[in-house]
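This is what each chain is made of:
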Amino acid sequence: MQLVVARIGRAHGIKGEVTVEVRTDEPELRLAPGAVLTTDPASTGPLTIETGRVHSGRLLLRFEGVKDRTAAEALRNTLLIAEVDPEELPEDPEEFYDHQLIDLDVVTEDGVEVGRIIEISHLPYHDLLIVERADGSQVMIPFVAEIVPEIDLEEQRAVITPPPGLLDDAQAEVASSRDAEADADSPSTPENGPAPEGGEVPEGGEVPEGGEAPEGGRTARGEDA
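Since the structure is predicted, the reported quantities are computational estimates derived from the model, not experimental observations.

### Topic: the overall build of the protein
Part 1 of the reasoning: For the protein, the count of helices and strands is four helices and 15 strands.
Part 2 of the reasoning: Every one of the 225 residues in the protein was classed for burial, and the buried ones make up 34%.
Part 3 of the reasoning: Relative to all contacts within the protein whose residues are 6 or more apart in sequence, the contacts with residues 24 or more apart total 54%.
Part 4 of the reasoning: Just so you have it, the protein exposes about 13,700 Å², and 48% of that area is on carbon and sulfur atoms.

### Quick notes on the pattern of salt bridges
As a working rule, side chains carrying opposite charge can pair if their charged atoms are close by.
Part 1 of the reasoning: Under the counting rule described, the total for this entry stands at six salt bridges.
Part 2 of the reasoning: Residue Arg 116 is joined to Asp 103 by a salt bridge in which the shortest nitrogen-to-oxygen separation is 2.5 Å. Of this pair, Arg 116 sits in strand 9 (residues 113–122) while Asp 103 is found in the loop between helix 3 (98–101) and strand 8 (105–108), placing the two residues 13 residues apart along the sequence.
Part 3 of the reasoning: A cluster of three or more residues bridged by salt bridges with shared partners is formed by Asp 103, Arg 116 and Glu 132.

### A closer look at the packing of aromatic side chains
Part 1 of the reasoning: Taken as a whole and judged by the stated rule, the model has one aromatic pair.
Part 2 of the reasoning: Aromatic pair Phe 96 and Phe 143: ring centres 6.2 Å apart, planes at 50 degrees, arrangement tilted. Here Phe 96, found in strand 7 (residues 95–97), pairs with Phe 143, found in the loop between strand 11 (138–142) and strand 12 (150–152); they are 47 residues apart in sequence, far enough to count as distant.
Part 3 of the reasoning: Take Phe 143: its relative accessible area is 0%, and that puts it in the buried class.

### Description of the sheet that holds strand 12
Part 1 of the reasoning: Reading across from one edge, 11-10-9-8-13-12 is the order of the six strands in this open sheet, with mixed pairing throughout. Every other strand in the sheet has two partners, leaving strand 11 and strand 12 as the edge strands with one partner each. Between one strand axis and the next, the sheet turns through 35 degrees on average, direction left out of account.
Part 2 of the reasoning: Taken together, the three bridges between strand 12 and strand 13 (residues 157–160) define a ladder with antiparallel strand orientation. Paired with Ile 151 across the bridge in strand 13 is Ala 158.

### Some thoughts on the side chain of Glu 17
Part 1 of the reasoning: Tracing the backbone shows Glu 17 in strand 2 (residues 17–22).
Part 2 of the reasoning: Judged by its relative accessible area of 8%, Glu 17 is buried.
Part 3 of the reasoning: For Glu 17, the side chain forms a polar contact with the side chain of Arg 53, separated by 2.8 Å.
Part 4 of the reasoning: Leave out the neighbours within four places in its chain, and Glu 17 touches Ala 11, His 12, Arg 53, Leu 60, Leu 61, Arg 62 and Ala 72.

### Focus: the pairing of strand 5 (residues 58–63)
Part 1 of the reasoning: In terms of burial, strand 5 is a largely internal element, five of the six residues being buried.
Part 2 of the reasoning: Bridge count between strand 2 and strand 5: three bridges; the pairing is antiparallel. Among the inter-strand pairings, Val 20 is bridged to a residue of strand 5, identified as Leu 59.
Part 3 of the reasoning: Across six bridges, strand 4 (residues 47–55) lies against strand 5 in antiparallel orientation. Across the sheet, the residue bridging to Gly 52 is Leu 61, located in strand 5.

Cut-offs applied
Residues numbered from 1 in each chain as written. Predicted model: local features only at pLDDT ≥ 70, side-chain atom pairs only at ≥ 80, totals over all residues. Heavy atoms only, no water. Helix = DSSP H or I, 4+ residues; strand = E, 2+ residues; numbered from the N terminus. Buried < 20%, exposed > 50% of the residue type's maximum accessible area, 1.4 Å probe, protein only. Contact = heavy atoms within 4.5 Å. Areas by Shrake-Rupley, 256 points an atom, 1.4 Å probe, with all protein chains shown as cover. Salt bridge = Lys/Arg side-chain N within 4 Å of Asp/Glu carboxyl O. Phe/Tyr/Trp six-rings, centres within 6.5 Å; stacked < 30°, edge-to-face > 60°. Pairing = 2+ DSSP bridges. Axes fitted to C-alpha atoms, helices over the stretch in contact; angles between N-to-C directions. Polar contact = N/O pair within 3.5 Å; in protein donor to acceptor, adjacent residues only side chain to side chain.

Shown next, in the form of structure tokens:
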């Protein structure tokens, strides 16, 4: 079975290195020096990785026979494809290969049919399940445990608990109205209202800093070629 493990980006420097958009959670295995990869388009490959290194947070590769910037630029947008045993599974039970997820039926915990997974979109912070609905429209579902609590490969289905608005805009409007009413009814305190006279805020009135992403991320590995 073939999996897309990376896409070649722009040339880096003048000695044949290229940036790559990694599409596998196992770059140390799939994109290691000596690895031989087929390509799409096929005319640019196969390519053998000569060296690899990380520079400013991006993986740089050099391929055998690619010695200058001109040759490296000619590879831009080429997909790198690895041969993978179809019986091979990720060690982490919360990780799945793309081919395991494609064509799964998507249902809510209440048993309502949502659609079918047709594509996996790999983003820096989490993956997205692209789901085609019965009417031909598509919905993007974040592949995190809070929203996709169950992947049942035997039953060929993904169970989701969608927040308001993910599947239905009307639900989002209702939820927004409820939040606004709750805010209007809540009493004014030093934490959510004006400070008392004198401009001083009592101890404990500070709101702790946030910004950290919630736990529970799940991962899809690579793309089917």
